[in-house]
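# Notes for the structure review
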Amino acid sequence: MAWRGYFTESELPEKVVLFDTTLRDGEQTPGVALTPEDKLKIARQLDLLGVQVIEAGFPITSQGEEEAVRRIVKEGLKAEIAALARSSRQDIEKVASTGAQRIHLFIATSDIHLKKKLKISREEAIKRALEAIDIAKSYGLKIEFSAEDATRTNIDFLVEFYKAVEEAGADIVDIPDTVGVATPFAMREIVRRVRKAVRIPIAVHCHNDMGLAVANTLAGIEGGATEAHVTVNGLGERAGNASLEEVAVALKVLYGIDTGIVFKEIYNTSRIVSSITGITIPVNKPIVGENAFSHESGIHTHGVISSPETYEPIDPEFVGAKRRLVAGKHAGTHGIYAQLKEMGYTPSEEELKKIVKIVKEMGDQGKKVTDAELASIAESVMGYGISEKERIELEELIVVTGLNITPTATIKIRWGEQSWRGAEFGVGPIDASMKAVSRLLGDLIKIKLESFRLEAITGGTEAFAEVTVRVSDEEGRSVTAKGFSKDIVLAGVYAILNGANRLIQMRRVKC
Ligand code: KIV
Ligand code: ZN
């Protein structure tokens, strides 16, 4: 990274421990409730992902929670298993009974929490913390201590608190930004102040209320923290916690710091957690969102096709994801061509122009073309793989319709050097056109229109219409074909001609 030189080597750690709290703070996401079985599945995946510490739950809260922690411990994963406890004997004994190796103890230290929630003094908070450490130590637990609401705590008292906790025998201290009010500068400074006072490792636990959880976590590491609390997909109380995938990738790619994460498992883990928790991943979520490696604008797709690093900070495959080129109004010919090629289509220049025109017109009407729609457009424009010379083309269409007149359609079609023109009446312009085209085709192939479905795929009177027809020939072959146009009559005629072309092709190859 060009800016790496801004840091001296000694300011940054070589390794950072990821303490994953998806199963504890992540489960506090409104609307999420996990069964012990769900938690076990997620824990196994976190282990596969290479997470070093898994906070499996808060055992005092329910029997299910206690059982979940116990089952995860029994699983014998590589990761160290931690469990949460308030600074009370009851909570600590519950954690000890699960067999968890690490206890995550906490007590609030900010005046807001001390006065309005716990209704105790600062001195009493320290006293309770030290008593809790004594009890936890008697069970042989590794102790990580959090001063809840640390970032709203008087800094001198916070430092005094952590010093006392270290002296009492805690192994790690954690600095939680409980309500997500720190800025990166503040977080870096708070960690620096604590770093100067204690020798044991420091962790940071950042919430995303202001959208700064990841930035604050990274700033905490710049300040001297060597452990980061994270959750998959940034789940967590209220707006969530720092997201594991963003922190791990940023540490590796931007800072060159190792976390032991198996990056190829990132995308998969994110999807597993989303499906178990029912919390969908926003499309624009960094690293794992559907758009994280999607390119739409012509300039970007062109750049990415010639060299992905032009518009991608990392190779999507690095995190087990895939690059996507999206067809929309900003798409360029290059991007759409590359996307089509990837899907197995190689349109001629003329066909590509027509496809791009349709995609852009749809984009102007606010419609993003999905892969399936792009395939349909390409197939219809490219006559389902039948070369331009070999397919029947529409040369002319005139429809006359209105009140008190019989709708009439005049159509001219061409096949190779020959062309045919004819007219038909109908109950409406579409009916007249279908009859006219079927009659003209009669000289080449007798087709029967089995079904006709018209759909507006964009809104308004200028909507793009998609017509899907099912047509069959006398020998019992039947195909589905589509036609696209802003003119619904034209869309219908294109669809039926595409169907006829496909039937002729099938007849030729005798299928
Ligand atoms: O956000 C927080 O303060 C917590 C504590 C339990 C550490 O989750
Ligand atoms: Zn939290």
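Quick notes on the rules
- Residues numbered from 1 in each chain as written.
- Chains lettered and ligands numbered in written order.
- Predicted model: local features only at pLDDT ≥ 70, side-chain atom pairs only at ≥ 80, totals over all residues.
- Heavy atoms only, no water.
- Near = heavy atom within 4 Å.
- Polar contact = N/O pair within 3.5 Å; in protein donor to acceptor, adjacent residues only side chain to side chain.
- Areas by Shrake-Rupley, 256 points an atom, 1.4 Å probe, with all protein chains shown as cover.
- Pairing = 2+ DSSP bridges.
- Helix = DSSP H or I, 4+ residues; strand = E, 2+ residues; numbered from the N terminus.
- Axes fitted to C-alpha atoms, helices over the stretch in contact; angles between N-to-C directions.
- Salt bridge = Lys/Arg side-chain N within 4 Å of Asp/Glu carboxyl O.
- Buried < 20%, exposed > 50% of the residue type's maximum accessible area, 1.4 Å probe, protein only.
- Contact = heavy atoms within 4.5 Å.
- Core = buried A, V, L, I, M, F, W, Y, C linked by side-chain atoms within 4.5 Å.
- Domains from an automatic or database assignment.
- Buried area = accessible area lost by both parts, 1.4 Å probe.
- 1 Å grid on protein atoms, 1.4 Å probe; cavity = no way out; pocket = protein on both sides within 12 Å on 5 of 7 lines; lining within 4 Å.
- Points joined across faces, edges and corners; volume = space filled by probe spheres on them.
- Nonpolar A, V, L, I, M, F, W, Y, C, P; charged D, E, K, R; others polar.
- Right-handed = clockwise from strand over helix to strand, strands pointing away.
- Left-handed = near helix turned anticlockwise from the far one by under 90°.

## As for the site of ligand 1
In the neighbourhood of ligand 1, the contacting residues comprise R24, D25, H104, F106, S146, E148, P176, T178, H205 and H207. In the model, an oxygen atom of ligand 1 is placed 3.1 Å from a nitrogen or oxygen of the D25 side chain. A distance of 3.0 Å separates an oxygen atom of ligand 1 from a polar side-chain atom of H207. Starting from 260 Å² of accessible surface for ligand 1 in isolation, the protein chains cover 93%.

## Comments concerning the sheet that holds strand β6 (residues 172-177)
The strand order around the closed barrel built from eight strands is β1-β2-β3-β4-β5-β6-β7-β8, with neighbouring strands paired in parallel fashion. When strand polarity is set aside, the average angle formed by the axes of neighbouring strands in this sheet is 25 degrees. Where strand β7 (residues 202-206) and strand β8 (residues 227-230) come together, three bridges link them in parallel fashion. Note on β8: the bridge partner recorded for H205 is H229.

## Comments concerning the pattern of salt bridges
In the structure shown here, the tally under the stated rule is 41 salt bridges. The shortest N-O distance in the salt bridge between R324 and E290 comes to 3.7 Å. Within this pair, whereas R324 is found in strand β10 (residues 324-325), its partner E290 is found in the loop between α10 (266-277) and β9 (294-295), the two being separated by 34 residues in sequence. With relative accessibility at 27%, the residue R324 sits in the partly exposed group. Of the residues examined, E290 reaches a relative accessible area of 46% and is grouped as partly exposed.

## Some remarks on the environment of G223
Looking at the secondary structure, you find G223 in helix α8 (residues 213-223). A relative accessible area of 6% places G223 in the buried class. For the pair G223 and R152, spaced 71 residues apart in sequence, the C-alpha to C-alpha distance is 18 Å. Dropping the residues within four chain positions of it, G223 is found in contact with R188, V191, R192 and R195.

## Comments concerning the nonpolar core
Here is a general trend for soluble globular proteins: nonpolar side chains tend to be buried in one another's company. Grouped together as the largest cluster of nonpolar side chains are 92 residues, with contacts concentrated most on L105, F161, Y162 and I266. Here this core spans two domains, and each of domain 1 (14-277) and domain 2 (294-382) adds at least three residues to it. In contact with Y162, not counting residues within four places along its chain, are F145, A147, A150, V173, D174, I175, P176, V194 and V198. In terms of nonpolar packing, the next biggest core, distinct from the first, is built from 30 residues, L440, L444, A465 and V467 among them.

## Some remarks on the sheet that holds strand β12 (residues 408-415)
The three strands lie next to each other as β11-β12-β13, forming an open sheet whose pairing is antiparallel. Each edge of the sheet is formed by a strand with only one pairing partner; in this case those strands are β11 (393-400) and β13 (418-425). Across the sheet, the mean angle separating the axes of adjacent strands is 10 degrees when strand polarity is ignored. Where β12 lies against β13, eight bridges are found, and the strand directions are antiparallel. By the bridge assignment, I413 is partnered in β13 with W420.

## Details of the domain arrangement of the protein
The figure often quoted for interface size is the accessible area lost as the parts come together. By the assigned domains, the protein splits into domain 1 (14-277), domain 2 (294-382) and domain 3 (393-508). Domain 1 puts seven residues into the contact, and the matching count from domain 2 is seven residues. At the boundary of domain 1 with domain 2, total buried surface from both sides reaches about 570 Å², with 71% on carbon and sulfur atoms. Its largest share of buried area at the contact with domain 2, domain 1 owes to F263, K264 and Y267, together 62% of the area lost on that side. The interface formed by domain 1 and domain 2 contains zero salt bridges. Summed over the shared surface of domain 1 and domain 2, the result is three residue pairs in polar contact (both at pLDDT 80 or more). Elements that contribute at least two residues to the side of domain 1 that touches domain 2 include exactly α9 (244-255) and α10.

## Things to note about the layout of surface pockets
Put simply, the largest pocket is a space of about 580 Å³. Around the largest pocket, the lining is made up of 22 residues, and of these K354, S380, V381, E393 and Y494 lie nearest the centre. Counting only elements with at least two residues in the lining of the largest pocket, the list comes to α13 (349-364), α14 (371-381), β11, β16 (478-485) and α16 (488-508). By residue number, the principal contributor to the lining of the largest pocket is α16, which donates five residues. Considering only residue class, the lining of the largest pocket consists of nine nonpolar, five polar and eight charged. The two domains that each donate at least three residues to the lining of the largest pocket are domain 2 (294-382) and domain 3 (393-508).

## Concerning empty space enclosed by the protein
Over the atoms rolls a probe the size of a water molecule, and in doing so it shows where empty space is left. Tallied over the entire structure, the rule returns one cavity of 30 Å³ or more. There is about 30 Å³ of room inside the largest cavity. Residues that form the lining of the largest cavity fall into these classes: five nonpolar, four polar and one charged.

## Looking at the environment of D315
Mapped onto the secondary structure, D315 falls in the loop between α11 (298-306) and β10. Among the residues examined, D315 registers a relative accessible area of 41% and is labelled partly exposed. Between the C-alpha atoms of D315 and G50, which are 265 residues apart in sequence, the distance is 20 Å. Of the polar contacts made by the side chain of D315, one reaches the backbone nitrogen of E317; its length is 3.0 Å.

## Digging into the pairing of strand β5 (residues 142-148)
Extensive coverage of β5 is indicated by the burial of six of its seven residues. Of the strand pairs in this sheet, strand β4 (residues 102-108) and β5 are connected by seven bridges, and their pairing is parallel. The residue bridging F106 from the neighbouring strand is S146, located in β5. Note that the unit made of β5, helix α6 (residues 155-168) and β6 has a crossover that is right-handed.

## Describing the packing of helix α7 (residues 184-197) against α8
Taken N-terminus to C-terminus, the directions of α7 and α8 make an angle of 35 degrees; their axes are 7 Å apart at the nearest point. Two packed elements cross with a definite hand, and for α7 against α8 that hand is right-handed. Seen from α7, the contacting residues are P184, M187, R188, V191, R192 and R195; seen from α8, they are A215, N216, A219, G220, E222 and G223. Of the residues in the contact of α7 with α8, the class split is five nonpolar, three polar and four charged.

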